[in-house]
Amino acid sequence: MNVYEKADKRIADFLAWIAFSFNSFRARLNRRSDTLAVFDELNTLYQQINTYSREMFLAILQDSYDGEAKQRRRRFTEDFLIVILDDPNDFTTVTYSKELERKSERLSEQLTAAIHRSALSEDRTNENGVKIPLEIEIKRIFDKEYGSLALLFDSYMIETVDTGRVYAFEDDGVRRVRWVTILDGKECDYCRSLNGHVFPINRIPTKPHPRCRCFTIRFD
Ligand SMILES: [Zn+2]
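Now for a quick tour of the structure. In this text the structure is predicted, and so the values were computed from the model without any measurement.

Some thoughts on the sheet that holds strand β3 (residues 215-218)
Taken together, the 3 strands give an open sheet; going across it, the order is β2-β1-β3, and neighbouring strands pair in antiparallel fashion. Every other strand in the sheet has two partners, leaving β2 (198-200) and β3 as the edge strands with one partner each. Adjacent strand axes in the sheet meet at a mean angle of 40°, parallel and antiparallel pairs treated alike. Inspection of the sheet shows strand β1 (residues 176-180) paired to β2 by 3 bridges, in the antiparallel sense. Bridge pairing in β2 links Arg 176 to Pro 200. Seen against the sheet, helix α5 (residues 134-171) touches β1 and β3 and runs at an angle of roughly 15° to β3.

Structural data, given as structure tokens:
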């Protein structure tokens, strides 16, 4: 199993926990739920997501370093995550924690709005004009949020794995790396154009888009 697959597995396990938490949250949510309680509970849940996902990213960072380094001298601490998660980067202009905070607020707003509309008998309707039951509406909101969290973790996962590998290259005195693009017809033109090119270790191009599956290997 390569490091990206190993990281994918960690994310899948973490997402399973989130799905479980969302489901139990939904089960507790009822039509009379007061708005403040929803905001509070989701805020707590997202703080847990922040804490636990940082532990996960730290493990991913260490895995990817250990998978590449000849001598596994480096032990990563939370401090290393700050550069990856808390410095606005090319993928996102806000920090990871801020992004989770915003997601929590947006989710609370969507849920309380749906509950409110339903209380006023103004439920959303489908294309045939039939009212969408509140439970279904709420499930949709959570499903969408789950997908968006998965994408967020995936972007940071790739950045984390790449960072771990670059540390390993540097510790091993690697000077240049070769860019490898997975040529399976799903790659974008830009990634294809980078395939096989050699870059100095300190001038590796930034990945051009989320879910980019390109990686680098040691050249000399
Ligand atoms: Zn790519």
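Moving on, there is more to tell.
Some details on the pattern of salt bridges
A side chain of one charge can pair with a side chain of the opposite charge when the charged atoms of the two come close. According to the stated counting rule, one finds 23 salt bridges in the structure shown. Linking Arg 54 and Asp 86 is a salt bridge whose minimum nitrogen-to-oxygen distance equals 2.8 Å. Here the residue Arg 54 occupies a position in helix α2 (residues 35-68), and Asp 86 occupies one in helix α3 (residues 78-86), the gap between them amounting to 32 residues. Summarising the burial analysis for this pair, Arg 54 and Asp 86 share the class buried. Connected through shared salt-bridge partners, Asp 8, Asp 154, Arg 211 and Arg 213 make up one network.

Examining the packing of helix α1 (residues 3-28) against α2
Between α1 and α2, the shortest axis-to-axis distance is 10 Å and the interhelical angle comes to 170°. It follows from the interaxial angle that α1 and α2 lie roughly antiparallel. Considering the relative orientation of α1 and α2, their crossing is right-handed. Looking at the contact of α1 with α2 residue by residue, the class counts come to 17 nonpolar, 4 polar and 5 charged.

So, the coordination of the zinc ion
Taken together, the protein donors to the zinc ion comprise Cys 191 (SG), Cys 212 (SG) and Cys 214 (SG), at separations of 2.1 to 2.3 Å. Here the donor residues of the zinc ion share one chain and are spaced in sequence as C-x20-C-x1-C. Placement of the pair is Cys 191 in helix α6 (residues 189-194) and Cys 214 in the loop between β2 and β3, with a sequence separation of 23 residues. Taking the relative accessible area as the measure of exposure, Cys 191 reaches 1% and is therefore buried.

Describing the side chain of Lys 103
With respect to the secondary-structure elements, Lys 103 resides in helix α4 (residues 96-119). For Lys 103, a relative accessible area of 4% translates into the label buried. Aside from chain neighbours lying at most four places away, what touches Lys 103 is Tyr 46, Glu 145, Ser 148, Leu 149 and Leu 152.

As for the packing of aromatic side chains
Inspection of every chain in the model, using the stated rule, returns 15 aromatic pairs. Note on Trp 17 and Tyr 52: the rings are 5.2 Å apart at their centroids and 70° apart in plane angle, and the pair reads as edge-to-face. A residue pair is termed long-range when its members are at least 10 positions apart, and Trp 17 in helix α1 and Tyr 52 in helix α2 qualify at 35 residues. For Trp 17, a relative accessible area of 26% corresponds to the partly exposed category.

Quick look at the nonpolar core
Membership of the largest hydrophobic core comes to 46 residues, with the highest contact counts inside it found for Ile 49, Phe 57, Leu 111, Leu 149 and Phe 153. Of all the secondary-structure elements, those providing two or more residues to this core are α1, α2, α3, α4 and α5. Considering each element in turn, this core owes the most residues, 14 residues, to α5. Apart from the residues within four sequence positions on either side, Phe 153 is in contact with Ile 11, Phe 14, Leu 15, Ile 18, Ile 49, Ser 53, Phe 57 and Tyr 96. Ranked by size, the runner-up nonpolar core spans 6 residues in total, among them Cys 191, Leu 194, Phe 199 and Cys 212.

Scoring rules and cut-offs
- Residues numbered from 1 in each chain as written.
- Predicted model: local features only at pLDDT ≥ 70, side-chain atom pairs only at ≥ 80, totals over all residues.
- Heavy atoms only, no water.
- Pairing = 2+ DSSP bridges.
- Helix = DSSP H or I, 4+ residues; strand = E, 2+ residues; numbered from the N terminus.
- Axes fitted to C-alpha atoms, helices over the stretch in contact; angles between N-to-C directions.
- Contact = heavy atoms within 4.5 Å.
- Salt bridge = Lys/Arg side-chain N within 4 Å of Asp/Glu carboxyl O.
- Buried < 20%, exposed > 50% of the residue type's maximum accessible area, 1.4 Å probe, protein only.
- Parallel < 35°, antiparallel > 145°, perpendicular 65-115°, else oblique.
- Left-handed = near helix turned anticlockwise from the far one by under 90°.
- Nonpolar A, V, L, I, M, F, W, Y, C, P; charged D, E, K, R; others polar.
- Donors = N, O, S within 2.8 Å, 3.2 Å for Na, K, Ca; no water.
- Phe/Tyr/Trp six-rings, centres within 6.5 Å; stacked < 30°, edge-to-face > 60°.
- Core = buried A, V, L, I, M, F, W, Y, C linked by side-chain atoms within 4.5 Å.

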